[in-house]
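# Coordinate analysis (summary)
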Number of protein chains: 4
Amino acid sequence: MYNFRNDYSVSAHPAVLEAVVRLGSAPFPGYGSDPCCRRAEALIRDLCQAPQAAVHFFVGGTAANLTAIAALLRPWEGVIAPTTGHINVHEAGSVEATGHKIIPVPTPDGKLTPAHLAPILELHRDTAMVLPRLVYLSQATEIGTVYNKEELEALSRFCRAHGLLLFLDGARLATALTAPGCGLTLADLAVLTDAFYIGGTKNGALMGEAMVIPDPALQPHFFRAMKRQGAVLAKGFLLGAQFEALLKDGLYWDLARHANAMAQTLQTGLTELGLPMLHTSPTNQIFPLAPNSLLPALEELCSFEVWDRPDAGHTVIRLVTSFATTREEVSGLLSGLRPLV
Amino acid sequence: MYNFRNDYSVSAHPAVLEAVVRLGSAPFPGYGSDPCCRRAEALIRDLCQAPQAAVHFFVGGTAANLTAIAALLRPWEGVIAPTTGHINVHEAGSVEATGHKIIPVPTPDGKLTPAHLAPILELHRDTAMVLPRLVYLSQATEIGTVYNKEELEALSRFCRAHGLLLFLDGARLATALTAPGCGLTLADLAVLTDAFYIGGTKNGALMGEAMVIPDPALQPHFFRAMKRQGAVLAKGFLLGAQFEALLKDGLYWDLARHANAMAQTLQTGLTELGLPMLHTSPTNQIFPLAPNSLLPALEELCSFEVWDRPDAGHTVIRLVTSFATTREEVSGLLSGLRPLV
Amino acid sequence: MYNFRNDYSVSAHPAVLEAVVRLGSAPFPGYGSDPCCRRAEALIRDLCQAPQAAVHFFVGGTAANLTAIAALLRPWEGVIAPTTGHINVHEAGSVEATGHKIIPVPTPDGKLTPAHLAPILELHRDTAMVLPRLVYLSQATEIGTVYNKEELEALSRFCRAHGLLLFLDGARLATALTAPGCGLTLADLAVLTDAFYIGGTKNGALMGEAMVIPDPALQPHFFRAMKRQGAVLAKGFLLGAQFEALLKDGLYWDLARHANAMAQTLQTGLTELGLPMLHTSPTNQIFPLAPNSLLPALEELCSFEVWDRPDAGHTVIRLVTSFATTREEVSGLLSGLRPLV
Amino acid sequence: MYNFRNDYSVSAHPAVLEAVVRLGSAPFPGYGSDPCCRRAEALIRDLCQAPQAAVHFFVGGTAANLTAIAALLRPWEGVIAPTTGHINVHEAGSVEATGHKIIPVPTPDGKLTPAHLAPILELHRDTAMVLPRLVYLSQATEIGTVYNKEELEALSRFCRAHGLLLFLDGARLATALTAPGCGLTLADLAVLTDAFYIGGTKNGALMGEAMVIPDPALQPHFFRAMKRQGAVLAKGFLLGAQFEALLKDGLYWDLARHANAMAQTLQTGLTELGLPMLHTSPTNQIFPLAPNSLLPALEELCSFEVWDRPDAGHTVIRLVTSFATTREEVSGLLSGLRPLV
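My aim in this report is to walk through the structure given alongside it, one point at a time.

How each quantity is defined
Residues numbered from 1 in each chain as written. Chains lettered and ligands numbered in written order. Predicted model: local features only at pLDDT ≥ 70, side-chain atom pairs only at ≥ 80, totals over all residues. Heavy atoms only, no water. Salt bridge = Lys/Arg side-chain N within 4 Å of Asp/Glu carboxyl O. Helix = DSSP H or I, 4+ residues; strand = E, 2+ residues; numbered from the N terminus. Buried < 20%, exposed > 50% of the residue type's maximum accessible area, 1.4 Å probe, protein only. Contact = heavy atoms within 4.5 Å. Buried area = accessible area lost by both parts, 1.4 Å probe. Polar contact = N/O pair within 3.5 Å; in protein donor to acceptor, adjacent residues only side chain to side chain. Nonpolar A, V, L, I, M, F, W, Y, C, P; charged D, E, K, R; others polar. Pairing = 2+ DSSP bridges. Axes fitted to C-alpha atoms, helices over the stretch in contact; angles between N-to-C directions.

## Details of the pattern of salt bridges
Residue and element names in this part refer to chain A. Applying the stated criterion across every chain, the model contains 52 salt bridges over all chains. A salt bridge links aspartate 7 to arginine 172; its shortest N-O distance comes to 2.6 Å. Separated by 165 residues along the polypeptide, aspartate 7 in the loop between strand S1 (2–3) and helix H1 (14–21) and arginine 172 in the loop between strand S6 (165–169) and helix H8 (173–177) bring together distant segments of the chain. Arginine 172 carries the same exposure label as aspartate 7, and that label is buried. Three or more residues are tied together by salt bridges with common partners; here these are Arg38, Glu41 and Arg45.

In structure tokens:
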């Protein structure tokens, strides 16, 4: 059975694993205060062209999201997020667990624009409501779409003009920044956002997300904020070593380009087979609309997730590629489907 | 320089790392719903003689503590813990972050007894105070001491008689259960406590703590409780594979016995050199009292942590051994110190 | 200027105030443990035909909502509420401040039905999401509508069949239960809901909401839950005395009938003047749609709140009556408007 | 039976109640945006000689404490408080409910000094611990003692030199500031603290505490912080009217002087009868040590609270006077006791 269920189902890229193995029995200081983390942080600051940036390593995305959001907000402040945003749906109320309301914004393509934000600010001038203070976006979004440079610049401009913090969930940052037409770099993100993270878990690492906080004014005591949430890894050097392996020679981007290429081949192939897409995705998640009659055979062929059931006869499924997806899996799925559609 | 700073400074035991490497590029379901976790859970249930127990894998101890405590309590309930308890000191207020007060109990040896608990229950009959509901203990304690079977049975009896939940922080469980005179097994813990965890991070794993909840009545929805705290590892199979490697042939206990033996050799040797101990520890943490004049040379010889400064002329230091400590390190430290004391 | 801004703008009904004045300089035990509260509780239990019910007095509705919701839920559980629900909009994130997500349900008339709930339960079988556990409704709703007996029975049946708690915000309970066609009594609420409160602030009291928890299984430690939120009044006897005055001879219902009658007269009159209603309301809040050109004159005539701006030329305003609204105010407003429309 | 149980057992001073009655049926804007509150705020700013100060009215002390502390702190910050502090004992974990740890300081007289704070700051340089950020004190303390001007100045200097906020719980502020030897004024408090409140509940009001935040930098969005905690009174004008009545002609201070005088007469009388005091109190709470054999007769004579049981034969009781205590009650209690001791 071909694996298209998600992008975190395979251990790690061999080069990343090798970096962990090479640590051997050498002792390191705990909690991220080690030379591996120092080197990975330096690499990230260089790539971000942000020598003042603070970098902190998390094990996973939910902890990264909730810790950063809780650290950036005051109690009465709320988070604006797309209704489909990961924090609004699939994190079991973790942001609310830190005491903050999410103000959801319906948006068909999973992306926020200044036009979404303005009426929310107007409405929330009422002091019986939370004060909107942070805008959460994911890049790529939960439905595979991508903010291009102009779109992120426009959001950033609006946020700064209105005292809003801009936080970017980068669990799938690599596939977004390598997607055609995105045009954004890490250095752009360090200028345009107030905090973002570079996702490792979904792009070749065993685990790990590297949070970047460019502005020194927002950096103090972030380690304590992480510790308080149980979000500091004792053997932090494991995270540093992995990010060093991913970033030092561009492996991180190569893996993402591969995942994107596999998804695009699949998207094109499925379209040619007559399966329409919920929307065209430039990244490693695609969303074909299948007649329900096809599902049993599809379940034999590959693993996937059910995304939506728009009507009684059809299902939107999600197919995800990763660094570990092979051309054989893609062509195998397409070949297997051809006689069925 | 010899490394006695802590027991989480070295990557993982080779057999554990090998188990991770062997996962190769095989795909697994996410979030712990994989065969590696299933096998590790089965092993743990067997060792605990608790076929009904729920087992959940955490990445680290702080997340394990805060998640379990928050999941077990109602909002108005508090936690009784030794003043020296890890949750009361070194977790940056993580239990309070979940909304619960810790009622600290001064106790010289880091251990709680029913005699500590009774007056707290009496005092808190006042409904303007939190309701004490959960007793937190660590085994081994933060100062290396161990509850023996009679002591834990007495605590457990008291807790059950008074409607208190008993929660055992097992970050250093392996060195406790293998310490001479402890006399407790995992099966005992499954009978005597309401939840406990089997620490991996400090006993040979890259990371990982296995939470055991024996009583089905306390098990429902614990996964959601973990997810909400950002405490679920996407590639949960990494945790399952490590615990399987540690537990299937008793490696877990061998590593702890080794760490204990190294610490005992060191403790005996230092005592013979004239350094008194804060107290005699049966586990892998020892606490010699050194004249301050010795510290500069000691800092050249080995890494350690300062534990206390009981007077102007002396310092209590903490020396910790682990699965990775070698006889050469122990004898090297003793040899290096001999001419200095 | 006529006052139609809200139903909490006038001190208290003279009979209620007199009950407070009569307390004189007599000493009472604190925090609600006094004979006034005991008598008011007995009255409420009688009216509810619920001798087992627990009754607790709050000062205001937000504290009542957040305390009850936090007390009834476990950490991973969420609240289903209408998008327009008071807790979802006008309580500054107070439910989220207790750590719980609100799952908002768009519903044009502000009322929930089983048909709203079923798909939410289905969707939230995903364990990465919060567990829906409590249904919040307000009676009357924020837009003046009312659940009748059949509707509440249907909701209650659904909730009980699916393990959901049903919580009723009764800040405007009096006007709902006295509205034509409602058909519900306090005794019905004690059977159909898991907790509800009898609003005093908006129906003639200085302040006060009486929380009723019929099921003994849900009652333990509720006082501590209140205390923890700062929601216990030191001089609790002030609340007991007021509820006794309101309830002992039916004044509570008389005041609500008066408020409803005033609103109905106004609603009929405005409709006759050509102002359509957003919807026909049977209670003390009405929502006429006014051309924007009318607003300046209207602002001269009376106080009100702007509710919505459905298009560039119109505004929905909210007019609220209360125990203190006089026939002169109603006819005065209608007379004043007549030449203008 | 004479009433010495507490200072919140009698409704309100007649002049305060009269101010409420005089509000009649006039309509006021809600949530504190009314002329009564405006006038009371102006009075308070004048008395504080702090024209820039923000003033907010709470119903009770626990809500005032938890709201201010939560509003002033960032998530990783903790509160230093005397072990006997009200927030640490008698508020059911309300500060922890907002996510913050209290660092308790044992102090025999209930008062903090810079000497208590310095070692706490040193210890908490460890980033695995919370960051101490706010110092909580109560004036008068829970055991009736009072900070004099020099003591508060010393604390304030230390706090400002070390980046600590100073928060003063003024539930019994009136009896403290009128106690002999205190030497502090409201204007001093506005200079020396970062936030404090002027307690009404325990000094003649039905209910109410007036929070003063002198520094404009700490003021923004405090109303939303209150709303989020359910701590805003709908009919806020009731609080404004009461504080206006208390403060405009100095009634507030007269009532406190009376309460203090009654307590001092009682303290002197009891001492002369041979009952020693736990400590000499200059305010309205006194703590005689009684042989247990006296308790049954005492319970016949007056209401009181048991404070402590220092040994098997004695009990410390708490006797509290208030604005409503009469000379007859004091002399009656002394006369009643005379034949018994």
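## What to know about the interface of chain D and chain B
Across the boundary between the two partners, chain D contributes 17 residues, which contact 17 residues of chain B. The contact between chain D and chain B buries some 1200 Å² in all, and 55% of this surface belongs to carbon and sulfur atoms. Across the salt bridge formed by glutamate 96 of chain B and lysine 101 of chain D, the nearest N and O atoms sit 2.6 Å from each other. At the surface where chain D touches chain B, the tally comes to 10 residue pairs in polar contact (both at pLDDT 80 or more).

## Re the interface of chain A and chain B
Taken together, the 42 residues of chain A in the interface contact 42 residues of chain B. Where chain A abuts chain B, roughly 3400 Å² becomes buried across the two surfaces, and 64% of that area is made up of carbon and sulfur atoms. Area buried by chain A at its contact with chain B is led by Tyr8, Arg228 and Lys235 of chain A, which between them contribute 19% of it. At the surface where chain A touches chain B, the tally comes to zero salt bridges. Inspection of the region where chain A meets chain B yields 10 residue pairs in polar contact (both at pLDDT 80 or more). Within the residue set of the side of chain A that touches chain B, elements represented by two or more residues are H1, helix H3 (61–72), helix H5 (94–97), helix H10 (222–228) and helix H11 (237–247) of chain A. Across the side of chain A that touches chain B, the residue classes tally to 23 nonpolar, 13 polar and six charged.

## Digging into the sheet that holds strand S5 (residues 131–138) of chain B
Each strand in a sheet pairs with another by means of backbone hydrogen bonds, the pair being arranged parallel or else antiparallel. All names here are of chain B. Spatial ordering of the open sheet is given by S2-S8-S7-S6-S5-S3-S4, a layout of seven strands whose pairing is mixed. The sheet is open, and its two edges are formed by strand S2 (54–58) and strand S4 (102–105), each paired on a single side. This sheet shows a mean twist of 25° between the axes of neighbouring strands, independent of strand direction. In terms of strand pairing, S5 meets strand S6 (residues 165–169) through five bridges, oriented parallel. Residue pairing in the sheet places tyrosine 136 in a bridge with phenylalanine 167 of S6. Strands in contact with helix H11 (residues 237–247) are S2, strand S7 (195–199) and strand S8 (209–213); relative to S2, the strand with the most contacts, it is inclined by about 110°.

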